[in-house]
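Per-entry structural report
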Amino acid sequence: MSRFWSAKVNELTPYVPGEQPKVSNLIKLNTNENPYGPSPKVLEALKAEAADTLRLYPDPNAEQLKQALADYYNVSPRHVFVGNGSDEVLAHTFQGLLKQDKPLIFPDISYSFYPVYCGLYDIKYTNQLLTESFEIDLSQYPTENGGIIFPNPNAPTGRVLPLSEIESLLKRNTETVVVIDEAYIDFGGESAISLVENYPNLLVVQTLSKSRSLAGLRVGFAIGHPALIDGLERVKNSFNSYPLDRFAISGAVAAIKDQPYFEQTCNAIIESRNALVEQLKGLNFDVLPSATNFVFARHATHDAGELAVKLREKSIIVRHFKQERIQHYLRITIGTNEECQALVDAIKDILA
Ligand SMILES: *Cc1c(COP(=O)(O)O)cnc(C)c1O
């Protein structure tokens, strides 16, 4: 608190990101980063960008990156918006498209940044409860709304909805914007980008932080009808005309173009996930079906918060949310096979 703060700043409840430890000897399974480094082609592109040209501003429209994403997803560059991490893309989306007279709807258990943006931009919202088995039931979402947003696959549950259910929602809900936050889609879901052409109120948001191993570079994007994209551009150009620097643009283009590396690392994570799920089940965990690079698991008898503390003592960090309905669960990022094995060994030790 400070007397120099505005009234608005006084009332904010900022997002609390997962810990980024200052020591390096930890097995970090708490923020859903990719255990594999970015493509070697990304590193080459970044080295090439470290040059005299850094004195010049980057392309304010990041045309090269928009074109690469447009080619990859088979849309036109006018359907593409890019930002400094998908968090920034989401922030502009909340302000530019989801702030309406009627309340925005999102699930009660979901990405915890959504209520923070609502607070920042004074957006009214209501939460739609997940089912008992932590599924999003879109048939329950009222068409009277100021917009709808949810992650697919959902975080932190990891559960995915089939594209057919999203399309049914879009057929019913034609008057407000529907945003699908696909941060984890490459690990097991079917993207809604294919629906963008037919539904002018659909915006799909993705990130290069997870499946492209570039959390440190901060690149996210949205794909939607050009009218939605133009709205986002208006917000962006009233906020920061150069959100992506030269490194981010070049690195992201190289990442999108390296399809073999992308497939290889995604497949490795999916295989490790499937193996870890079986091992956790063997240790008496209830594990939700995951289409992501993390699992959401609850032990039959051991308290989740205590487990997290004991794992931390063994140099492994996982995420525990002290939130109603999910306080008995741990969200565990999929690491390399060695990291997953270290986790399983540590849990066996703790349970013994
Ligand atoms: C990680 C994550 C994001 C944010 O990703 P950045 O691009 O790193 O800002 C957005 N939504 C969900 C659901 C996420 O898990």
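Just so you know, these numbers come straight off a predicted model, no measurement behind them.

**Thoughts on the site of the ligand**
Taken together, Gly85, Ser86, Asp87, Leu90, Tyr111, Asp181, Ala183, Tyr184, Thr207, Ser209, Lys210 and Arg218 make up the full set of residues near the ligand. Asp181 has a polar side-chain atom sitting 2.8 Å from a nitrogen atom of the ligand. A distance of 2.7 Å separates an oxygen atom of the ligand from a polar side-chain atom of Arg218. More than half of the atoms belonging to the ligand lie within 2 Å of the grid points that define the largest pocket. Top contributing element to the shell around the ligand by residue count: helix H4 (residues 86-98), with three residues. Here the shell around the ligand is composed, by residue class, of four nonpolar, four polar and four charged.

**A word on unusual backbone geometry**
For residues besides glycine, phi is generally negative; the peptide bonds are generally trans as well. With omega at -10 degrees, the peptide bond leading from Asn152 into Pro153 counts as cis. Here Pro153 is to be found in the loop between strand S5 (148-151) and helix H6 (163-172). Of note, Asn284 is a non-glycine position whose phi angle comes to about 75 degrees, a positive value. Relative to the elements of secondary structure, Asn284 occurs in the loop between helix H9 (259-282) and strand S9 (285-287). Its relative accessible area of 46% is what places Asn284 among the partly exposed residues. In this structure, Ser315 takes a positive phi of about 70 degrees despite not being glycine. As for its position among the elements, Ser315 is in the loop between helix H10 (304-313) and strand S11 (316-317).

**Brief notes about the domain arrangement of the chain**
The domains assigned to the chain are domain 1 (7-37 + 260-351) and domain 2 (51-257). Between domain 1 and domain 2, the C-alpha centre-to-centre distance is 24 Å. Opposite the 31 residues of domain 1 that make contact, domain 2 presents 33 residues. When the two sides are added together, the surface that domain 1 and domain 2 hide from each other amounts to roughly 2500 Å², 61% of it contributed by carbon and sulfur. Three residues, Tyr15, Phe262 and Arg325, lead the burial of domain 1 against domain 2; their summed loss comes to 28% of the area buried on that side. For the pair domain 1 and domain 2, the interface holds two salt bridges. Its salt-bridge partner being Arg325, residue Asp108 comes within 2.7 Å of it at the nearest N-O pair. On the surface where domain 1 and domain 2 come into contact, there are 12 residue pairs in polar contact (both at pLDDT 80 or more).

**A word on a nonpolar patch on the surface**
Where nonpolar side chains cluster on the molecular surface, the patch consists of Met1, Trp5, Val9, Leu12 and Leu120 and spans about 500 Å² of accessible area. With respect to the helices, strands and loops of the structure, Met1 is situated in the segment before helix H1 (7-11).

**Observations concerning the UniProt feature "modified residue: N6-(pyridoxal phosphate)lysine" (unreviewed entry) in the chain**
Under the UniProt annotation, "modified residue: N6-(pyridoxal phosphate)lysine" (unreviewed entry) lies at Lys210. Among the secondary structure elements, Lys210 is positioned in the loop between strand S7 (202-207) and strand S8 (220-224). Overall, Lys210 belongs to the buried group, its relative accessible area being 17%. Once you skip the residues sitting within four places of it in the chain, Lys210 turns out to touch Thr31, Asn32, Asn34, Ala183, Tyr184, Phe187 and Asn293.

Rules of the game
- Residues numbered from 1 in each chain as written.
- Predicted model: local features only at pLDDT ≥ 70, side-chain atom pairs only at ≥ 80, totals over all residues.
- Heavy atoms only, no water.
- Near = heavy atom within 4 Å.
- Polar contact = N/O pair within 3.5 Å; in protein donor to acceptor, adjacent residues only side chain to side chain.
- 1 Å grid on protein atoms, 1.4 Å probe; cavity = no way out; pocket = protein on both sides within 12 Å on 5 of 7 lines; lining within 4 Å.
- Sits in = over half its atoms within 2 Å of the grid points.
- Helix = DSSP H or I, 4+ residues; strand = E, 2+ residues; numbered from the N terminus.
- Nonpolar A, V, L, I, M, F, W, Y, C, P; charged D, E, K, R; others polar.
- Buried < 20%, exposed > 50% of the residue type's maximum accessible area, 1.4 Å probe, protein only.
- Domains from an automatic or database assignment.
- Contact = heavy atoms within 4.5 Å.
- Buried area = accessible area lost by both parts, 1.4 Å probe.
- Salt bridge = Lys/Arg side-chain N within 4 Å of Asp/Glu carboxyl O.
- Patch = residues over 30% accessible without salt bridge, like charges linked within 9 Å, V, L, I, M, F, W, Y side chains within 5 Å.
- Areas by Shrake-Rupley, 256 points an atom, 1.4 Å probe, with all protein chains shown as cover.
- UniProt positions renumbered as here; feature names shortened; annotations may be inferred.

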